[in-house]
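Listed below, chain by chain, are the residues.
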Amino acid sequence: MTDPAGPPSDLDERIDRAIATLTLERKIRLVSGADGFSLHGDEGIGLDKIVLSDGPTGVRGHVVVGGREGCLLPNASLLAQTWDRDAVAEAGAVLVDEAAAQQTHVVLGPTINLHRSPLGGRLFEAFSEDPMLTGHLAAAYVGALQERGIGASVKHFLGNESETERTTVDVRMSPKTLREVYLAPFEVAIEDANPWTVMAAYNDVNGYPSTEQHELLTEILRDEWRYDGVVVSDWYATTTAAQSANAGLDLVMPGPETPWTRGLLDAVRAGEVTEKTVDEHVRRLLRLAHRVGAFPERRSWPSDLPDPAGPRRREQLSRLAASGMVVLKNDGDTLPLRPGNPITLVGRHASDPIAQGGGSAQVRAPHVVSVVDGLRSRLGSANVTFADGVETRRTLPTARPALVRDPETGEHGIRVRVFDDAGRLTHSRHLDVAELEDSQNEWLAGAARIELSATLDVPGPMPVQLGTRGPGNWHLATAGHEEDYRVDYHPGPGGGFFRPKSHAATVRVVPGQLVTATVERDELPRILGFVVSEAARSSAPAIADAAAAATGRAVAVVVVGFTTDQETEGEDKRTLALPGDQDALVTAVAAAADRTVVVVNAATPVLMPWIDDVDAVLFTGLPGQEAGDAVAAALLGDVLPEGRLVTTFPRRNKQGPAWNTAPRNGVLEYVDGCFIGYRGWHADGAEPAFWFGHGLGYATWEYLSGCVSGTDETGVTEVDVTLRNSGRRPGRETVQVYLNPDRAGEPIRLIGWARADVAPGEAAAVRVHCDPRFQRRWDEETRSWIPLRHGVIVIARGLGDVRVTIPVSARTDADHVES
Ligand code: BGC
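Owing to the predicted nature of the structure, the values given are computational and were not obtained by experimental measurement.

Caption draft 1: Quick look at the side chain of threonine 455. Mapping threonine 455 onto the fold places it in strand S16 (residues 449–456). Judged by relative accessible area, threonine 455 falls into the buried class, the value being 17%. With residues near it in sequence (within four places) discarded, threonine 455 still touches Leu403, Val404, Arg405, Pro407, Gly512, Gln513 and Leu514.

Caption draft 2: Representation of the site of the ligand in the model. The environment of the ligand is made up of 13 residues, and the closest members are Asp54, Arg122, His156, Asp234 and Glu569. Contacts to the ligand include arginine 122, whose side-chain N or O atom sits 2.7 Å from an oxygen atom. At a separation of 2.6 Å, an oxygen atom of the ligand approaches a polar side-chain atom of aspartate 234. Contact with the protein chains hides 98% of the accessible area of the ligand, taken as 310 Å² for the molecule alone. Residue composition of the shell around the ligand, grouped by class: five nonpolar, two polar and six charged.

Caption draft 3: Seen up close, helix H1 (residues 10–21). End to end, H1 covers 17 Å across twelve residues, agreeing with the expected 16 Å (1.5 Å per residue, within 8%). In this structure, the buried residues of H1 make contact with helix H2 (24–30) and helix H11 (275–292).

Caption draft 4: Focus on the pairing of strand S9 (residues 326–330). Of all five residues in S9, five are buried; the element is thus mostly enclosed. Relative to strand S25 (residues 616–619), S9 runs antiparallel, the two being bridged by four bridges. Within S25, the position partnered with lysine 329 by the bridge is valine 617.

Caption draft 5: Local environment of the domain arrangement of the protein. Each domain of the protein was delimited in the assignment, giving domain 1 (47–251), domain 2 (311–391 + 538–647), domain 3 (401–534) and domain 4 (699–818). Each of domain 2 and domain 4 has a C-alpha centre, and these two points are 33 Å apart. Counting from both sides, the interface comprises five residues of domain 2 and, opposite them, eleven residues of domain 4. Each partner contributes to the roughly 590 Å² buried at the junction of domain 2 and domain 4, and carbon and sulfur atoms together form 40% of this total. In this assembly, domain 2 and domain 4 are joined by two salt bridges. The salt bridge partner of arginine 644 is glutamate 733, with a shortest N-O separation of 2.8 Å. One can count five residue pairs in polar contact (both at pLDDT 80 or more) joining domain 2 with domain 4.

Calculation criteria
- Residues numbered from 1 in each chain as written.
- Predicted model: local features only at pLDDT ≥ 70, side-chain atom pairs only at ≥ 80, totals over all residues.
- Heavy atoms only, no water.
- Helix = DSSP H or I, 4+ residues; strand = E, 2+ residues; numbered from the N terminus.
- Buried < 20%, exposed > 50% of the residue type's maximum accessible area, 1.4 Å probe, protein only.
- Contact = heavy atoms within 4.5 Å.
- Near = heavy atom within 4 Å.
- Polar contact = N/O pair within 3.5 Å; in protein donor to acceptor, adjacent residues only side chain to side chain.
- Areas by Shrake-Rupley, 256 points an atom, 1.4 Å probe, with all protein chains shown as cover.
- Nonpolar A, V, L, I, M, F, W, Y, C, P; charged D, E, K, R; others polar.
- Expected span 1.5 Å × (residues − 1).
- Pairing = 2+ DSSP bridges.
- Domains from an automatic or database assignment.
- Buried area = accessible area lost by both parts, 1.4 Å probe.
- Salt bridge = Lys/Arg side-chain N within 4 Å of Asp/Glu carboxyl O.

Take a look at the structure:
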């Protein structure tokens, strides 16, 4: 990392010369976005435009909908469940190619907020509840991108652990909690991998907006941590000019109009901001431009990139997803499934899995493999009987392009026609998806009315739920059905852009039937699209059919899960119960089949009231485009599902150290302090449904010995463990090392982990390197770190399965314990 206080380099001099030639106006132009996802170039100083795109589970590109089809990776918490830096780095390398395919210099990820309350809507985008695991995986992710010349952005700095009132909430925490828990993953990522950008969050922290936090952005980030990258605001998060510019924010997004384009020039002229401060922002921006190949030389982009839907990516993405899946329960070795035995597969998520979460992270995947297809292609169609399950969704999604055709060309997709105020047709075009974003397309400028039309590509006469998605005054017409209606925005800034509401009615349609929907011009940017979904069915017959299909079967596999209404940006969950009547479905199938395996297709904890009635549970996360193939590979053991949980699962709603995400009078107190997740469960002596770190895999493990083999003045540096795979299958063990300090008020915490692949019957020696940054406490009085050197080292497979404990003190050099 370049030391900002070090001697000037050639680059620094070049940047100084460039800045010296810029007028104040040109400088200010550079530090606001040019549009949604790119920055201004400046030919005069040899600066190319820098292009950004959302991550973290794919590179969506510069448009929100209808952009390039690109790889949809397993979601962040599923990747984190591998506890494998190499797996995360492999995902990062895929993102580099995806960025290159779209000539994108910076990927806006990883999200390294923590899983505080399990209700948090955006947990699927973030790695875990643990600051150390999160920080280390973030460093692997950032390193993989940046060593290949693509910038990363660690986000959201700081305290964006939930989504309720997300643009206004004031998150309050003590300095100790701030340092030890929420800053910690950022500190590790910055110290170990120096992300070239950091994204300032929407929320306030301790009374100040994240974009105006002098303490966070300047005193801690720059002065203490010596960070030399760019701090970019979350989209529309900045509301001031002078305060944010002086606090240490460098770049305001999106453009072209921002509080800085409107107010920064005047603020400098009024003496509220010095030109030197603006120069510092430009300096960091030019440093970023240099790093990503936009200043002074232009980078070249490769053209021989792997096809997102090609065999190489399919193998990689399926393997990455399957290896992070967690075997939560496996009585009587029900898993892996034995090929050759016919199975009954049940559940809406089996035919329509949730492959990704909702919001800005969404990617247009080339395909999503269903579990039905994944299992049939591995087991043979005749061996897999499928029974649909119960309804799960609240908001109907945009129609799949395969269900609609352009009435003019007959191609899959829709026709969009644009009319002006006088009712004249100004534009007509085909889209190969069933939705568009109305502010993004020049051909929509001046539209008074937008018309979407399509013919339905349904297999036969049938009832469907037919309607539209997106806010506005709509008129929908098709044979036998005509309707005028209004769809509202969500309350709050942006109107819930990324998760528009939908409206639909059940209509009987025939193949080839024409549907036309028109919507009037509206104020805010919107996503507009067609809805064509299967007609809703009541639960009772669906459950009865599924139970009948499972009756007498040796094995039934029920796939259940959350929906994109729940795993989404912009909104928190209110319950961890599965939506619809999925619990009743599981119970009915479990009563009918000899053995029942439940596949939970969710990223975050789910309540499992049926847990004692079923034989096995596989927790799959949101597996990305190869979803069903990865689930099948994990169920059959073709890829070992050796994931370990990254979040503690409560047994009931409202259990655990942090539950509520609804601010009171605009304030959300982090009441759990440093006792986030498993730390709080442990301190309370409570037993969750499943601990952070839990995961059975398909092997069993004996821990033969454990010892502290290295200490220094910072604490324990190394722990050595000998273990044996006592099972009948190969396995990959994750050895977790925790420190339980013997000081009051100090929670147990993960300080290191290591993985080992071990064949059945074999023993292995595993060395765990421990991180001193998690063996210290922040002293609020002296504002300094103090090592925690007394306590107990706990070697565990999640805190519900502790294998070795070793007391440590300042004098401990090599404590050794045989278990
Ligand atoms: C999200 C960011 C994202 C940005 C740009 C915001 O709504 O919070 O994570 O990078 O949009 O799409």
